[in-house]
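Architecture and fold: a report
Single-letter residue listing:
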Amino acid sequence: MDFFSNLLQRNPELAVFLAIGIGYWVGAFKIRGVGFGPVTGSLLAGLLIGYFVQVPISDTAKQVLFLLFMFGIGYSVGPSFFRGMKDGGWRWAVLGVVVPVAGLATAWALATLLKLEIGYAVGLISGGLTESPVIGTGSEAIRHLPISADEQNRLISQIAVADALCYIFGTFGVIWFCSSLGPKLLRIDLKAEGARLEQVYGIEREKVGVTSAWRRFDLRAYLVQDNHTIAGKSVAQAESLFAPERLFIERIRRNGSLLVSTPETRLLPGDVIAVSGKSEVLLRVLDRNAVEQADRELLDIPSAMFDVVLSKREFVGKTVAQIADRAEEVRGVFLRDIRRGSEKIPIGPGTVLQRGDVLTIVGPETAVERVAALVGSVVQEADSTDFVALGFGVFLGAVIGTSLVLPIGGMPIAIGSSVGTLVLGLLVGWRNAGKPLFGRISHASLEFMKSIGLAGFVAMIGLKAGPLFVDALKEVGLTIFLAGIVVTLVPLFVGLLVGRYLLKLEPLLLLGALAGVQTMTAGLAAVQEKSDSPVAVIGYSGTVAFGHILITTWGTVIVWLLF
């Protein structure tokens, strides 16, 4: 034991990586879908190691990791955050503000009533509202208070204690409320609501975790016979006969030669045509009335599948069906997937597309390129990161945050480098959504910044707070735990009432939105499981960005309110 203690004291970086490894290992364990997660796991591991071994921690290293995380989280949610404020999702934006504000007000009221010190109040928010970045913004705000360094360290150590205690119910509480208590209060049957909304949006059910061998889109060759209804008609007229089904004649073989298909081209008996469309439509519409041909050369058409960021104004806020009706503009192209932030959105005729959505479109290469330029910009997966944008973004954000001073209670207080970096990350991410070549950060780099940045930061917080953990637990453990329950549940009740009775949101989408504004993906998963439908993700995607941004800044605000 002495050898181990000396090893960690001489090489404190080893303690950090040990805490991260244990944290990710412990965080992976779940009981009925509820677990600590890697970040809280890293905090608990740090507290445990720090209790037995006094490990020296570098404040500079800790802040570097946290600023990387803050820029990363701002970058990733920037497009959806500004979209929620600007586009037609104003009701999601209102809910996304109301719930965090209710959480802040609840934590402030409890801290005042129970006479909790500032550190415990910050931990109430981070654990009760399950947003661990609050630990960082609250710690930085405490560092700017005009008190001694020892007092600052004591208050910061309280944050880790309160967060660990409150996160236990915070996670369970959101899952339980969104998937069990909320539906009972709304008097709805989740499965019935899921089926109803899928019908409204025109979404077809798929079993979770099951991938079909069925080819969703196909290209097949058919012989034009003398008695066929399309014989003698132009390509445009022939395609219109099958409307509203989207079937397209891509190429024609006539007398052994291959012809390019144009809307004006006349189809003659004996022609062999290459027809693209959804597989089930081809089977239902053509197979009984046409003779299929095996013509590899005719069907050898270059195909493409691009991810496109939706940015053009004329397509924003339109449903999938409305865009499909623009037949000439989107001819030959099919929509395969929609991603909004990190979430996959179910596709149906009634699904509304929003600015910043990533659309996966498939079809002939020339058609896909044409439609991609029409609706937005092609996103090509980057294996490199614009470190110029990253470095200057963090630098400028931190400079702005430390330079922008607000008079709080007659005392000038800076908003902090972490909040400034978060804002710059938001702006760069938002700009990148419209112009993918600007400030590009690869997905792998972004995930590393968010995952290791926060896990490493909270592991260091835990290591430093470890020696005081047991004493603080004895002093305020039960009080903080019970207060955390209140901080978790009150905003959810407020959000339920405001969302359903003032904003008139669909009940199932509202439950997904409450999980989103509490940034609890496990809550969304529980709602989807209980409803046997993915549709709740529409509400989740509308509020999650507001939860990440607003609740994160509450660490700074609660310090201002209580000092």
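As the structure is a prediction and not an experimental result, all values here were calculated from the model.

**Topic: the sheet that holds strand S7 (residues 334-340)**
Read across the sheet, five strands follow the order S8-S7-S9-S6-S10 without closing on themselves; strand pairing throughout is antiparallel. Each edge of the open sheet carries a strand with a single partner, namely strand S8 (343-345) and strand S10 (376-379). The sheet shows a mean angle of 35 degrees between the axes of neighbouring strands, taken without regard to direction. In the packing of helix H20 (residues 537-562) onto the sheet, contacts are made with S7 and S8, and the angle to S8 comes to roughly 135 degrees.

**A word on the environment of Glu-13**
Tracing the chain through its elements places Glu-13 in helix H2 (residues 12-27). The exposure class of Glu-13 is partly exposed, given its relative accessible area of 41%. For Glu-13 and Met-460, which are 447 residues apart along the polypeptide, the C-alpha to C-alpha distance reads 9.5 Å.

**With respect to the pairing of strand S6 (residues 303-310)**
In terms of strand pairing, S6 meets strand S9 (residues 358-364) through seven bridges, oriented antiparallel. The partner of Met-305 across the bridge, within S9, is Val-362. The sheet contact formed by S6 and S10 spans four bridges and is antiparallel. The partner of Leu-310 across the bridge, within S10, is Gly-376.

**Considering helix H7 (residues 134-143)**
In terms of burial, H7 is largely enclosed, as nine of its 10 residues are buried. Every buried residue of H7 is accounted for by Val-134, Ile-135, Gly-136, Thr-137, Gly-138, Ser-139, Glu-140, Ala-141 and Ile-142.

Cut-offs applied
Residues numbered from 1 in each chain as written. Predicted model: local features only at pLDDT ≥ 70, side-chain atom pairs only at ≥ 80, totals over all residues. Heavy atoms only, no water. Pairing = 2+ DSSP bridges. Helix = DSSP H or I, 4+ residues; strand = E, 2+ residues; numbered from the N terminus. Axes fitted to C-alpha atoms, helices over the stretch in contact; angles between N-to-C directions. Contact = heavy atoms within 4.5 Å. Buried < 20%, exposed > 50% of the residue type's maximum accessible area, 1.4 Å probe, protein only.

Shape is all these values report; function is a separate question.
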